[in-house]
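An overview of the molecular structure
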Amino acid sequence: MTWFAAGRPQHSGSGPRRHFHPRSDVANTNAAQRLNHGSTLLAASVLLDSGLEHYRGQYFNRAMYTPVLVSSAVLASSLHGAGDAGARSSRVRHAVQALAGLTGVVGLGFHAYNVGKREGGYRWENLFYAAPIGAPFALTLAGVLGGAAERVRDADPRDALLLGLPAGPLLAAGTALGLAGTVGEAGLLHFRGAYHNPAMFLPVSVPPLAGALLAWAAVRGSGRRPLTRGWLWATAALGLGGVGFHTYGISRKMGGWRNWSQNLLSGPPLPAPPAFTGLALAGLAALDLLERREHA
């Protein structure tokens, strides 16, 4: 749906905002839209995953509605950004993305408290079965990517900056860290599932290499990187393919999809794998900016 929102790619200059060469503005806008694609997928993943998981927890704390509401707002904001082919940033979208970043950090604190208050505190059993400790940070990542999209859209196309640093290397490093965190979460939950299917090793083998290649690109800061780009596309495909694997996992539970109302809650989380796709798209945007900076 994010690609439908984006519509046709921009092929010409987009307005009188700046005196930079139109092709430079187009490069920034396209990178911003790709960041919005990544933010959209992460927000959709958080919306569906937190909605299901908090429904399973019967929303016993009213704060459990917060990620559902905020991720819905981020999803709408990122879809709007993905469809915006203009070169101006939006203060409203930026504010929504900042709220998401803050909400994810607060949620991380709630989940950490939930794990720690259980009998035995921070032990493996509680990390397996309490609130997933790293899950709220996906909302922070969605907000950060959306916020970065707004900053990149409005930046000097000859040398886009974020927080006073070159946008390409900073986004590459940040995305590599995001991939590392997501791999840790997938590794923990797949360990709980005893890696009973060899395909369960894919999320702990393909994305880590993509993250390492991206981190190396951030350090090097220049040059075309077809291997990194190809591995990021493989990670993006893995995220979408993971939905199929999780669908199959739900079908193998007692009653299969005929008992969907129970198995959707107790089976593998259906919305979780696309988080890899979102981060891979952010990594591709970082490569776009790195290559653009080299040729500016």
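Structure: above.
Let me begin by describing the structure that accompanies this report. (Residues numbered from 1 in each chain as written. Predicted model: local features only at pLDDT ≥ 70, side-chain atom pairs only at ≥ 80, totals over all residues. Heavy atoms only, no water.)

This part covers a nonpolar patch on the surface. A surface patch of nonpolar side chains, amounting to about 290 Å² of accessible area, comprises Leu102, Val106 and Phe110. Mapped onto the elements of the fold, phenylalanine 110 is located in helix α4 (residues 91-116). Judged by relative accessible area, phenylalanine 110 falls into the partly exposed class, the value being 43%. (Patch = residues over 30% accessible without salt bridge, like charges linked within 9 Å, V, L, I, M, F, W, Y side chains within 5 Å. Areas by Shrake-Rupley, 256 points an atom, 1.4 Å probe, with all protein chains shown as cover. Salt bridge = Lys/Arg side-chain N within 4 Å of Asp/Glu carboxyl O. Helix = DSSP H or I, 4+ residues; strand = E, 2+ residues; numbered from the N terminus. Buried < 20%, exposed > 50% of the residue type's maximum accessible area, 1.4 Å probe, protein only.)

What follows concerns the pattern of salt bridges. If you walk through the whole model with that rule in mind, you get 8 salt bridges. A salt bridge links glutamate 150 to arginine 93; its shortest N-O distance comes to 2.7 Å. Here glutamate 150, found in helix α6 (residues 137-153), pairs with arginine 93, found in helix α4; they are 57 residues apart in sequence, far enough to count as distant. The residues glutamate 150 and arginine 93 share a single accessibility class, namely buried. One continuous salt-bridge network, built from bridges that share partners, spans Arg34, Arg224, Arg229, Asp288 and Glu291.

So, about the side chain of threonine 182. Along the polypeptide, threonine 182 turns up in helix α7 (residues 167-192). There is a polar contact of 2.8 Å between the side chain of threonine 182 and the backbone oxygen of glycine 178. Residues within four places of threonine 182 in sequence aside, it is in contact with Ala275, Phe276 and Leu279. (Polar contact = N/O pair within 3.5 Å; in protein donor to acceptor, adjacent residues only side chain to side chain. Contact = heavy atoms within 4.5 Å.)

Time to look at the nonpolar core. Membership of the largest hydrophobic core comes to 52 residues, with the highest contact counts inside it found for Leu35, Leu42, Val74, Leu171 and Leu232. Counting only elements with at least two residues in this core, the list comes to α2 (22-56), α3 (66-82), α6, α7, α8 (206-220), α9 (226-251) and α11 (274-295). The biggest single contributor to this core is α11, with 12 residues. Those residues in contact with leucine 171 that sit more than four places away from it in its chain are Leu35, Ala148, Leu162, Ala286 and Leu289. (Core = buried A, V, L, I, M, F, W, Y, C linked by side-chain atoms within 4.5 Å.)

With that settled, the discussion passes to the environment of alanine 282. By the secondary structure assignment, alanine 282 is in helix α11. Alanine 282 sits 137 residues away from leucine 145 along the chain, and the two C-alpha atoms are 7.2 Å apart. In this structure, alanine 282 is in contact with Leu35, Leu145 and Thr175, ignoring residues within four places of it in sequence.

Right, let's talk about the packing of α8 against α9 for a bit. Interhelical geometry of α8 versus α9 gives an angle of 145° and a closest axis separation of 9 Å. Between α8 and α9 lies a crossing whose hand is left-handed. On the side of α8, the interface is formed by Val206, Pro207, Leu209, Ala210, Leu213 and Leu214, while α9 contributes Leu227, Thr228, Trp231, Leu232, Ala234, Thr235 and Leu238. Classifying every residue of the contact of α8 with α9 gives 11 nonpolar, 2 polar and no charged. (Axes fitted to C-alpha atoms, helices over the stretch in contact; angles between N-to-C directions. Left-handed = near helix turned anticlockwise from the far one by under 90°. Nonpolar A, V, L, I, M, F, W, Y, C, P; charged D, E, K, R; others polar.)

Positive phi, normally seen in glycine, also occurs at glutamine 58, with a value near 60°. With respect to the element layout, glutamine 58 can be found in the loop between α2 and α3. Among the residues examined, glutamine 58 registers a relative accessible area of 67% and is labelled exposed. Residues other than glycine seldom take positive phi values, yet alanine 194 does so here, at roughly 60°.

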